[in-house]
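Okay, here's what each chain looks like letter by letter:
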Amino acid sequence: INSRLKWTGILSRFRRTPGRFMMRLRIPNGIVKADTLRLFADTIEPYGDELGVMDITTRQNIQLRGLTLEDGADLTKALHADHNMTSFQSALDNARNVVGSPLAGLDDLELVDTRPIANAINDLISLDKETGERGNPQWGNLPRKFNIAISGGRDDFAHTYINDIGLDPVPHQDGRIGFNVVVGGYMSIKRVAESVPLGLWVPADPYSVTALCEAILRIFRDEGNRKDRQKARLMWLVEDMGVEEYSKAIKAEVESYGRGVVLEEAQPHETGAFERRELLGVHAQADEGLRRVGVHVPAGRLSVEEARHVADLADRYSEGEVRLTVEQNFILPNVPADSIDALLQEPALTMGRLAVDPGNVKGPMVSCTGAQFCPLAIIETKTVAERVMAKVDALVEAPKPVRVHWTGCPNSCGQVQAADIGLMGAPAKRKNDEGKMKAVAGANIFLGGTIGEGGHLALDPHMKNVPIDDEDEIAGVIAGLMKENFGAVDRVEVPKEVAMSR
């Protein structure tokens, strides 16, 4: 029964919260409406502040916590009937939420609007063509979970290089826009791997891209490793076949469909200088009269009250639309320029946890679920990360955002290998009052992962088995790494009498 529930996106969390479930949604391209956020808030409100929370994930998605099984069923019916959304096939060995550009349709530097493509791939995966209902058995039993990401421009806000299928937008020599295809990126206990170029280019339209994805999924489903789950991700199949032979197999599979889709040789990437842009804060859009406003959600966690505040802000300023990011924050798109001052003065953004300008230390924080709810986590992450990063912010200031990621175990759902500084739950020890070594919460610390165009992973820990039970101490360690590697400097404490005179 538990496995069947996972197929519907409802996961038991009995080891941490007996009798309670987590529901993982499918939100292609991370776009959600205000009324849907209110539905989520209404659903989890009865469970109280500790259990009833909403987490934004590193796949532009939402996970709802504290649910009973009965309420999960009612929510599923409402999502299917009124919100064109589902939780089906969001867990177990299925293709997970399709990630796209959070700036799709807003950006003057955009190469591809990822929204229609993300929706088409989501329908390929989770919509039964025969019944027209959510839940597609054709792709419901893959050898292992499967991730797809579509980048809209050179910023690569989707992080294509750590996905099983990554679509990087590149103009063809004849001027058409399409994607170079990379495959096999993933993170797990067994292995962490960057994607590899497939040497193929596909036109950037839903029809062509879904044919490509179908071909990759079909070969993975039927020929992937089902004997060893630690070697069942797509990269192992690619390596077993060899990149060149695998690429030929994908091309032949697409041709066998007889749909007129032609995969061509990969096209050269633009090589001029380019700096990845920021998503938090107020920024111009392609339409000069509109702005996008990125809002920081500490550790990606929203309370019921905060979720309702986000929905209210969306209704007032962004036509009811909210866009989630893989950094676990959200964007209010299409805000009229003359409404920005009013938005920035909203109590929801000035008197609580949510912030438009959180700074370069706290703002880029990312965290996995942690031991509060996840049975695999070695350490608690979300609440600890929020407290520790506030302490780090009080110690230092940085000239540019420093991305600190926290993950509770080597599965690395918090993607620590991609972080500037990444903390992964690990065993640690320190002396107690009697001078004996005792086990405490600890972490391995990774350093130097990069994102955006040409992103790379930090595969080996920079420091191992570092105690984190003393939050002041680990805050000092992180602050030190920021000063040594990312140009951070100590904050200058302004004397009270000087501060009062200003």
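That block above? That's the structure.
Overview of the structure. None of these values were measured; they are calculated from a predicted model.

1. Details of the pattern of salt bridges
Consideration 1: A full pass over the atoms with the stated rule returns 37 salt bridges.
Consideration 2: Here D222 ties to R218 by a salt bridge, and the two come within 3.2 Å at their closest N and O atoms. Placement of the pair is D222 and R218 together in helix α6 (residues 206–223), with a separation of 4 residues, close to one helical turn.
Consideration 3: Take D222: its relative accessible area is 43%, and that puts it in the partly exposed class.
Consideration 4: Given a relative accessible area of 21%, R218 falls into the partly exposed group.

2. Focus on the sheet that holds strand β5 (residues 62–67)
Consideration 1: Read across the sheet, 5 strands follow the order β1-β2-β5-β4-β15 without closing on themselves; strand pairing throughout is antiparallel. At either end of the open sheet lies a strand with only one pairing partner, and these are β1 (10–12) and β15 (301–302).
Consideration 2: Pairing of strand β4 (residues 54–56) with β5, which is carried by 3 bridges, proceeds in the antiparallel orientation. Its bridge partner being in β5, M54 is matched across the sheet by L64.
Consideration 3: Strands in contact with helix α4 (residues 69–82) are β1, β2 (21–24) and β5; relative to β2, the strand with the most contacts, it is inclined by about 15 degrees.

3. Focus: the sheet that holds strand β21 (residues 421–431)
Consideration 1: The mixed open sheet is built from 5 strands, whose spatial order is β18-β20-β21-β22-β23. Strands at the two margins of the open sheet, each flanked by one partner only, are β18 (366–367) and β23 (463–467).
Consideration 2: In this structure, strand β22 (residues 437–447) lies alongside β23, joined through 3 bridges in antiparallel fashion. Within β23, the position partnered with I445 by the bridge is M463.
Consideration 3: Relative to strand β20 (residues 404–407), helix α13 (residues 382–395) is tilted by about 150 degrees, and along the sheet it contacts β18 and β20.
Consideration 4: Strands β20, β21, β22 and β23 of the sheet are contacted by helix α14 (residues 471–485), whose axis makes an angle of about 135 degrees with β21.

4. Examining the packing of helix α2 (residues 34–44) against α4
When two helices pack together, their arrangement is given by the angle between the helix axes and by the axis-to-axis distance.
Consideration 1: For the pair α2 and α4, interaxial distance at closest approach is 11 Å and the crossing angle is 170 degrees. Compared by their axis directions, α2 and α4 come out roughly antiparallel. On α4, the residues touching T36, L39, F40 and T43 of α2 are L75, A78 and L79.

5. Describing helix α7 (residues 234–241)
Along an α-helix, residues three or four positions apart point the same way, because every turn accommodates 3.6 residues.
Consideration 1: Among the residues making up α7, those that are buried are L234, M235, W236, L237 and V238.
Consideration 2: Taken together, the buried residues of α7 touch β8 (177–183), β9 (186–187), β10 (192–193), β11 (196–203), α6 and α8 (243–256).
Consideration 3: Among the residues trailing α7, G242 stands out with phi positive, at a value near 90 degrees.

6. What to know about the state of the cysteines
Consideration 1: On inspection of all chains with the given rule, the structure shows 0 disulfides.
Consideration 2: Free cysteine C409: the closest other cysteine sulfur is in C374, separated by 6.0 Å.
Consideration 3: The thiol sulfur of C413 is not disulfide-bonded, and the nearest other cysteine sulfur, from C409, lies at 6.1 Å.

7. Some thoughts on the side chain of E214
Consideration 1: Its location among the elements puts E214 in helix α6.
Consideration 2: When near neighbours in sequence (up to four residues on either side) are disregarded, E214 contacts L124, Q138, W139, Y257 and R259.

8. Brief notes about the pairing of strand β16 (residues 321–324)
Consideration 1: Burial along β16 is two-sided: E321 and R323 and V322 and L324, pointing in opposite directions, are all buried.
Consideration 2: Bridge count for strand β3 (residues 31–33) against β16 is 3 bridges, and the pairing is antiparallel. Paired with K33 across the strands is E321, a residue of β16.
Consideration 3: Strand direction decides the pairing type here: β16 and strand β17 (residues 330–336), joined by 2 bridges, are antiparallel. Residue pairing in the sheet places R323 in a bridge with I331 of β17.

9. A look at α14
Consideration 1: With 15 residues, α14 should reach 21 Å at 1.5 Å per residue; the first-to-last C-alpha distance of 21 Å fits that figure.
Consideration 2: Listed as buried for α14 are E471, I474, A475, I478, A479, G480, L481 and M482.
Consideration 3: Residue D470 occupies the N-cap position of α14, its side-chain oxygen lying 3.1 Å from the main-chain nitrogen of D472.
Consideration 4: Positive phi appears at G487, one or two residues downstream of α14, with a value of about 75 degrees.

10. Details of the environment of R59
Consideration 1: Position of R59 among the secondary structure elements: in the loop between β4 and β5.
Consideration 2: Here the alpha-carbon distance between R59 and T407, two residues 348 residues apart in the chain, equals 15 Å.
Consideration 3: Not counting residues up to four positions away in its chain, the partners in contact with R59 are R96, N97, V99, N147, I148, N163 and V326.
Consideration 4: Within the structure, R59 has its side chain in polar contact with the side chain of N163 (distance 3.0 Å).

11. What to know about the pairing of β2
Consideration 1: Side chains of β2 alternate between two faces, with F21 and M23 and M22 and R24 buried alike.
Consideration 2: When β1 meets β2, the two strands line up antiparallel, connected through 3 bridges. The residue of β2 that forms the bridge with L11 is M22.
Consideration 3: Examined bridge by bridge, β2 and β5 share 4 bridges and lie antiparallel to one another. Within β5, the residue paired with M23 across the bridge is L64.

Reading guide: rules and limits
- Residues numbered from 1 in each chain as written.
- Predicted model: local features only at pLDDT ≥ 70, side-chain atom pairs only at ≥ 80, totals over all residues.
- Heavy atoms only, no water.
- Salt bridge = Lys/Arg side-chain N within 4 Å of Asp/Glu carboxyl O.
- Helix = DSSP H or I, 4+ residues; strand = E, 2+ residues; numbered from the N terminus.
- Buried < 20%, exposed > 50% of the residue type's maximum accessible area, 1.4 Å probe, protein only.
- Pairing = 2+ DSSP bridges.
- Contact = heavy atoms within 4.5 Å.
- Axes fitted to C-alpha atoms, helices over the stretch in contact; angles between N-to-C directions.
- Parallel < 35°, antiparallel > 145°, perpendicular 65-115°, else oblique.
- Disulfide = S-S within 2.5 Å.
- Expected span 1.5 Å × (residues − 1).
- Polar contact = N/O pair within 3.5 Å; in protein donor to acceptor, adjacent residues only side chain to side chain.

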